[in-house]
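A closer look at the structure
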Protein chains: 2
Amino acid sequence: MYFKILTSELASKLNIVSKAISFNSPLPSLQGIKIVVTEEKIQLTASDMNISIQSDIFPTEDNKLEIYSTGEIVLESRYFLEMIRKIDSEYVEIEIIDGNLTSIRDQFVNFELNGIKAENYPLIDFERPGNSLFIKANLLKEIISQTVFAASDKETRPVLTGLNIKCENNELTCVATDSYRLAQKKVLLDNGFDFNVTIPTKTLNELVKVIDGEGEIEISLNDKKALFMFDNMFISTRLIEGNYPETARLIPHDFEYELIVEARTLLNAINRASFIKNDGVSIIKMELASGEVVISSKSSDVGSVETITPDSYEGNNLSIAFKGQYVYDAIRVLNAFKIKVQFGGTMKPFIITSLDNEDVLQLVLPIKTYN
Amino acid sequence: MYFKILTSELASKLNIVSKAISFNSPLPSLQGIKIVVTEEKIQLTASDMNISIQSDIFPTEDNKLEIYSTGEIVLESRYFLEMIRKIDSEYVEIEIIDGNLTSIRDQFVNFELNGIKAENYPLIDFERPGNSLFIKANLLKEIISQTVFAASDKETRPVLTGLNIKCENNELTCVATDSYRLAQKKVLLDNGFDFNVTIPTKTLNELVKVIDGEGEIEISLNDKKALFMFDNMFISTRLIEGNYPETARLIPHDFEYELIVEARTLLNAINRASFIKNDGVSIIKMELASGEVVISSKSSDVGSVETITPDSYEGNNLSIAFKGQYVYDAIRVLNAFKIKVQFGGTMKPFIITSLDNEDVLQLVLPIKTYN
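Residues numbered from 1 in each chain as written. Chains lettered and ligands numbered in written order. Predicted model: local features only at pLDDT ≥ 70, side-chain atom pairs only at ≥ 80, totals over all residues. Heavy atoms only, no water.

1. A word on the relation of the copies chain A and chain B
The operation relating the pair of chain copies consists of a rotation about an axis and a translation along that axis. With an axial shift of 0.0 Å and an RMSD of 0.0 Å, the rotation relating chain A to chain B amounts to 180°. Here the symmetry operator amounts to a two-fold rotation axis. An overlap of 100% is found between the interface residues of chain A and their copies at the interface of chain B, pointing to a shared contact surface. (Least-squares fit on C-alpha atoms with pLDDT ≥ 70 in both. Contact = heavy atoms within 4.5 Å.)

Rendered as structure tokens:
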């Protein structure tokens, strides 16, 4: 195995692929990146057996890849990435020089790294598992950033640690909830087929870092796994098993109170009223009346109160309390200038949407307070 | 107590003063910042009883301080700083409104914080403890940055966790060592008196963040404490007790080998050869011969070798090994274009200085290797 490539090209692909590696994997070879060099391409693979990422690099004018001999090896990712970062030259050469001993070099320095034989690397399947749908990269990023934060980080109900994506009649409904808040985005597709899967948020959080702004992403699915494909990059993930709750019936439709306000104004007020507490939770109280909204917080040591002016408020006076972070997150991801908040009462879940566009819906459960 | 001040001025002084606070202090009042408002100034004080910082703020055209009524209170620093950060307005008002309840407010928001009575705050003495010397702020920063890194971080010999500063005949000698490496800087003063003190590195590391580039710093000393004064800012520190070792006799004067090389070239080579190991130690081997220096590292998994061209090398061939980080740190702080490295032999301490200027001397002990 012997090839030469633009250092920055290899570095960028290694950075992506290595995101699949989990540093507490029990299998030593999974701490490594598998490199397979054939006559037409080099292929990088990394995996923690839940997420697997593969990148094919073909010779192009840009990457100046030159393949001198074929072969394969697994290189410990930590050292391999560190070496590539330390290569100051435009090009780097990588060659197996003796058994598993691999040389990574430029004209200044020669690094040597003891690899692991590729045959010790587990077999990972990057074949399409089922039907495919196609979605714009930007849109997929938006879906992820507007929903995934609301998923649960507790393993008590594993299905809630994922993003549920359901497709019916070319309408995609994406939902994440930790059962105290819920984020839902609906998207109409040109193409599509009916499915209902729950994708681990860890995969989606890695995916969002890796997706380039432009282009289209192919997603191939069955009921066990999903494969994301773009730019000769393949990201495979297991799905979370189990039935996702029927969230549609949790979302209320009748409201007695409606607030319209600038997103920035409400975000700033919630931020000011939220103090970094030892238990990590800031409870915010909101008192709504015609023409003014009073936002306050109070604990034994510290308190805050301020009044903001809404664009409009319809309904009787209402007092409601909630976790500041939940409402802050929900408003922030809407990316809206003005928002609409619809309430059913002091102890009923309330809904936050952008005033312009109701594709994204954020639901938050209030909290009972005793003052 | 009631005053109004430019928010940014209060924020910057609070940031400095709060550096003295240690969050595992047993005394609750020491988690706070003491504010004393008299008719002519406000005074902020914080301390962990080892380091204490006090800032006097007098009304000026710039800070627009207006004092409406005098008084004193201790405010929990974490909440107080968070509130001041959250004040968006140019000015902030602070007022004790009821007992210990203090209002921190602008036209948008009213924060309330329950304080602690100032009488519960320990008495901290900011009087000059003894004679004073005066030193340029820039020079003090340079002394600290070129020496303190070499001090020990282990409490087994407490005196080695400090910077020893000795003044004899107006010559200041500043030394830090962990007994494997040593950094020494000599400075000639216009003024001075004989003393020999050891200042905790923690104090100096905080001091360096706080000192403004320009101006002069007054340092008043006795054998128990030091007080640094500048810009109405007072930083008091206990000194480390015990005799500092006589380091002068550890520094060799006869050398058989002398290398002159660009600092940047050697730094880059050491950096490339140093891998992030689990035990945190990278041993670098240097083989010196006329016209070339080979820098290499080797462990069971990973190795590196490169050749650099020195400006000159005098002496027989020499092979020597050392901790990469020690030599890297030593060269880096010299801020030199070219450096001189003088060796006495494979197992003798070697000396690194700037080629232009030998005020700063860096000594490193080599390591024995078996290959």
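2. What to know about the domain arrangement of chain A
Domain parsing of chain A yields domain 1 (2-120), domain 2 (131-249) and domain 3 (252-364). Relative placement of domain 1 of chain A and domain 3 of chain A: their C-alpha centres are 50 Å apart. (Domains from an automatic or database assignment.)

3. Some points on the packing of aromatic side chains
Residues and elements named next belong to chain B. Within the structure shown, the criterion is met by 12 aromatic pairs over all chains. Aromatic pair Phe193 and Phe195: ring centres 5.2 Å apart, planes at 45°, arrangement tilted. Taking the relative accessible area as the measure of exposure, Phe193 reaches 19% and is therefore buried. Overall, the relative accessible area of 12% leaves Phe195 in the buried class. (Phe/Tyr/Trp six-rings, centres within 6.5 Å; stacked < 30°, edge-to-face > 60°. Buried < 20%, exposed > 50% of the residue type's maximum accessible area, 1.4 Å probe, protein only.)

4. What about empty space enclosed by the protein?
All names here are of chain A. Within this structure, the stated rule accounts for 5 cavities of 30 Å³ or more. A volume near 100 Å³ is recorded for the largest cavity. Forming the boundary of the largest cavity are 13 residues, of which Leu133, Ile165, Leu172, Phe195 and Ile219 lie nearest the centre. Considering each element in turn, the lining of the largest cavity owes the most residues, 3 residues, to strand S14 (residues 195-200). A breakdown of the residues in the lining of the largest cavity according to their chemical character gives 13 nonpolar, no polar and no charged. (1 Å grid on protein atoms, 1.4 Å probe; cavity = no way out; pocket = protein on both sides within 12 Å on 5 of 7 lines; lining within 4 Å. Points joined across faces, edges and corners; volume = space filled by probe spheres on them. Helix = DSSP H or I, 4+ residues; strand = E, 2+ residues; numbered from the N terminus. Nonpolar A, V, L, I, M, F, W, Y, C, P; charged D, E, K, R; others polar.)

5. Structural notes on helix H2 (residues 77-86) of chain B
Residues three or four positions apart in an α-helix share a direction because the helix packs 3.6 residues into each turn. Residues and elements named next belong to chain B. Among the 10 residues that make up H2, 8 are buried, leaving the element largely enclosed by the rest of the structure. Looking only at H2, the buried set comprises Ser77, Tyr79, Phe80, Leu81, Glu82, Met83, Ile84 and Lys86. For H2, the side-chain oxygen to backbone nitrogen distance between the N-cap and Arg78 is 3.1 Å, and the N-cap itself is Glu76. (Polar contact = N/O pair within 3.5 Å; in protein donor to acceptor, adjacent residues only side chain to side chain.)

6. A word on the interface of chain A and chain B
The interface is formed by 28 residues belonging to chain A together with 28 residues belonging to chain B. Of all residues in chain A, the largest losses of buried area upon contact with chain B belong to Tyr79, Lys86 and Arg272 of chain A, amounting jointly to 23% of the total for that side. Where chain A packs against chain B, one counts 2 salt bridges. Taking the shortest distance from any N to any O, the salt bridge between Arg272 of chain B and Asp88 of chain A comes out at 2.7 Å. Where chain A packs against chain B, one counts 16 residue pairs in polar contact (both at pLDDT 80 or more). Partitioned by chemical class, the residues of the side of chain A that touches chain B number 10 nonpolar, 9 polar and 9 charged. Of the pairings in the sheet, the one linking strand S9 (residues 109-114) of chain A to strand S21 (residues 302-308) of chain B comprises 5 bridges and is antiparallel in character. Note on S21 of chain B: the bridge partner recorded for Asn110 of chain A is Val305 of chain B. (Buried area = accessible area lost by both parts, 1.4 Å probe. Salt bridge = Lys/Arg side-chain N within 4 Å of Asp/Glu carboxyl O. Pairing = 2+ DSSP bridges.)

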